[in-house]
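# Examination of the molecular architecture
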Amino acid sequence: MSRKFLFITGIGIILLAFIIAVALYQNQNSSLSGASSTQRQGAPVKGPENAKVTIVEFFDPACGTCADFYPLVKQLMDQYPGKVRVMMRYAPLHTGSDQVVKMLEAAHQQGKYWETLELLFKNQNRWVVNHVSQPMRARALVNGLALDHGRLDIDINLPEVSRVIQQDIEDGQALKVQATPEFFVNGRPMPSFGYKQLSDLVKEAVDEAY
Amino acid sequence: MTVISKVDSTGFQRGWTLVFLAWFVATIATAGSLFFSEVMQIPVCELCWYQRIAMYPLVLVLALSLFPYDPRVVRVAGALVAVGWFIALFQVLLVAGIIPEDMRPCVQGIPCSETHITLLGFLNIPTLSLLTFSLVGTLLFLTHRIETS
């Protein structure tokens, strides 16, 4: 076999394998619809219902930067009283976080979402080890909250809870959320990541709406 | 005289084949990494970029050294492989938790200690990278041995 033939065959094989892999992969993912919405009915919201500016935050409770941003987002809401609300959506990117967000959603069903979230953020180092969520530890931590714990353990496994999280994950993928936290202010993403960019975006939206 | 040239030509043959294999492996790795990032849209962390810087040029450098065959490519390609190999090793240790990572997790990008794909239960992308650099390095080393013997 001539060397040039071998070389060209090599290129051909790799190219063909690449094209087939792309086709297979895209075929597998074609079921994902293009419809993407930043907000979801029933997602946890903080702030007045009639606020014209909505910050939608896709987050992972195990993400350190999300915990760092939590007070900053609150600060933004205080800066524009009555005009800004924040909606939290799940983007469990860390290993093990899928169980933890289920617990959060179950707490949300009891109206204890924010207490649970704050507790998880504040004590992140107790249940996140090497960027991996430890759902059992997170559950143990939440034991200290005044919740209906029997119901919480049942609700974690409800299909509705899974459905809500699946919806958030699918919307997150459609919106190309690849890192957390990701913010959308009235549907608009940040031009680049940073607190200043977020606060500028909120200011812009408030100026437009009021 | 004829015997010597015969030995030479088989050495040449084997050297060429080894460099060809090294090129083939590097090209598969390049195509694979592009598939992960561009088709599957897996985010690329900083360390992965440094490994790409070492891997991608191999595709061209090794291909050009095949026609005409130039064994001196081992010097250039070997240096690239060494750089890539150490970065891959560093990342594998990071993923394994042996080297701790600074607290800068979800800022802009992706922590390099996070893995996205696991094949056969243990093969994640950094491990694949380390194996590939090791394989290409071994092939180049064998080429060097043949050429200097």
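The preceding data block contains the structure.
Each value, and the rule that gives it
- Residues numbered from 1 in each chain as written.
- Chains lettered and ligands numbered in written order.
- Predicted model: local features only at pLDDT ≥ 70, side-chain atom pairs only at ≥ 80, totals over all residues.
- Heavy atoms only, no water.
- 1 Å grid on protein atoms, 1.4 Å probe; cavity = no way out; pocket = protein on both sides within 12 Å on 5 of 7 lines; lining within 4 Å.
- Points joined across faces, edges and corners; volume = space filled by probe spheres on them.
- Helix = DSSP H or I, 4+ residues; strand = E, 2+ residues; numbered from the N terminus.
- Pairing = 2+ DSSP bridges.
- Salt bridge = Lys/Arg side-chain N within 4 Å of Asp/Glu carboxyl O.
- Buried < 20%, exposed > 50% of the residue type's maximum accessible area, 1.4 Å probe, protein only.

Further remarks concern empty space enclosed by the protein. Residues and elements named next belong to chain A. Per the stated rule, a full pass over the model turns up 1 cavity of 30 Å³ or more. Each pocket or cavity is described by its volume, and for the largest cavity that value is around 50 Å³. Lining of the largest cavity is provided by Lys46, Tyr70, Val73, Lys74, Met77, Val86, Met88 and Trp114. Contributing elements (two or more residues each) for the lining of the largest cavity: helix H2 (64–79) and strand E3 (84–90). A per-element tally of the lining of the largest cavity places H2 first, with 4 residues.

Okay, the sheet that holds E3 of chain A next. Residue and element names in this part refer to chain A. Pairing within the open sheet is mixed, and its 5 strands lie in the order E1-E3-E2-E6-E7. Edge positions in the sheet fall to strand E1 (45–46) and strand E7 (188–189), since each has one partner strand and no second. Pairing of E1 with E3 involves 2 bridges; the strand directions are antiparallel. Each bridged residue has a counterpart across the sheet, and for Lys46 the counterpart in E3 is Val86.

Note that the residue after Thr180 of chain A, namely Pro181 of chain A, is joined by a cis bond; omega there is -5°. As for its position among the elements, Pro181 of chain A is in the loop between helix H8 (159–174) and strand E6 (182–185). Phe67 of chain B connects to Pro68 of chain B through a cis peptide bond whose omega is -5°. Mapped onto the secondary structure, Pro68 of chain B falls in the loop between helix H2 (46–64) and helix H3 (73–95). One non-glycine residue with positive phi stands out, namely Lys176 of chain A, at about 60°. Following the sequence through the fold, Lys176 of chain A ends up in the loop between H8 and E6.

All names here are of chain A. Counted according to the given criterion, the structure contains 13 salt bridges over all chains. The salt bridge involving Asp168 is made with Arg40; its shortest N-O contact spans 2.6 Å. Taken as a pair, Asp168 in helix H8 and Arg40 in the loop between helix H1 (3–29) and E1 lie far apart in primary sequence, 128 residues in all. Side by side, Asp168 and Arg40 carry an identical accessibility label, which is buried. The closest approach of N and O atoms between Lys74 and Glu118, which form a salt bridge, is 3.5 Å. Of this pair, Lys74 sits in helix H2 while Glu118 is found in helix H4 (residues 113–122), placing the two residues 44 residues apart along the sequence. With a relative accessible area of 32%, Lys74 lands in the partly exposed category. Given a relative accessible area of 28%, Glu118 falls into the partly exposed group.

Geometric values such as these leave the question of function open.
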